[in-house]
Amino acid sequence: MTGGEKVRAKTEQAKGKVKEALGSAIGNDRMTAEGRAEKSMGDAREAKEKTKGAFKR
């Protein structure tokens, strides 16, 4: 996993988690859904990079 992609994935996961929690706290369903989507994108990016790394070995 390249350093930049790893940071980007972790950042997306963290931002998504915060956005999801904030949306849930204030009762904003749209913000909650956006947070979940952002977190999922970060998870997918991380999985993609781990898979790429496994095949490079």
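Predicted model only: the values in this text are computed from it and were never measured.

Topic: the overall build of the protein
Helix and strand counts for the protein come out as two helices and zero strands. A compact globule built from 57 residues should have a C-alpha radius of gyration of about 10 Å, whereas the protein, at 13 Å, is more than 25% larger. Of all 57 residues assigned to the protein, the portion counted as buried reaches 25%. For the protein, the exposed area adds up to about 4,200 Å²; of that, 57% sits on carbon and sulfur atoms. Here the protein holds 15 positive side-chain charges and 9 negative ones, and the gap between their average locations is 5 Å.

Comments concerning the pattern of salt bridges
This model, assessed by the stated rule, comprises 12 salt bridges. Between glutamate 46 and lysine 50 there is a salt bridge whose closest N-O contact spans 4.0 Å. Here lysine 50 and glutamate 46 lie together in helix α2 (residues 29-56), a separation of four residues that amounts to about one turn. By relative accessible area, glutamate 46 is classed as buried at 14%. On the basis of relative accessibility, which here comes to 54%, the residue lysine 50 falls in the exposed class. Three or more residues are tied together by salt bridges with common partners; here these are Lys15, Lys19, Arg30, Glu34 and Glu38.

Structural notes on the side chain of glutamine 13
With respect to the secondary-structure elements, glutamine 13 resides in helix α1 (residues 3-26). Excluding residues within four positions of it along the chain, glutamine 13 makes contact with Lys39, Gly42, Asp43 and Glu46.

Calculation criteria
Residues numbered from 1 in each chain as written. Predicted model: local features only at pLDDT ≥ 70, side-chain atom pairs only at ≥ 80, totals over all residues. Heavy atoms only, no water. Helix = DSSP H or I, 4+ residues; strand = E, 2+ residues; numbered from the N terminus. Rg over C-alpha atoms; globule rule 2.2 N^0.38 Å. Buried < 20%, exposed > 50% of the residue type's maximum accessible area, 1.4 Å probe, protein only. Areas by Shrake-Rupley, 256 points an atom, 1.4 Å probe, with all protein chains shown as cover. Lys, Arg positive; Asp, Glu negative; His and termini not counted. Charge placed at Lys NZ, Arg CZ, Asp CG, Glu CD. Salt bridge = Lys/Arg side-chain N within 4 Å of Asp/Glu carboxyl O. Contact = heavy atoms within 4.5 Å.

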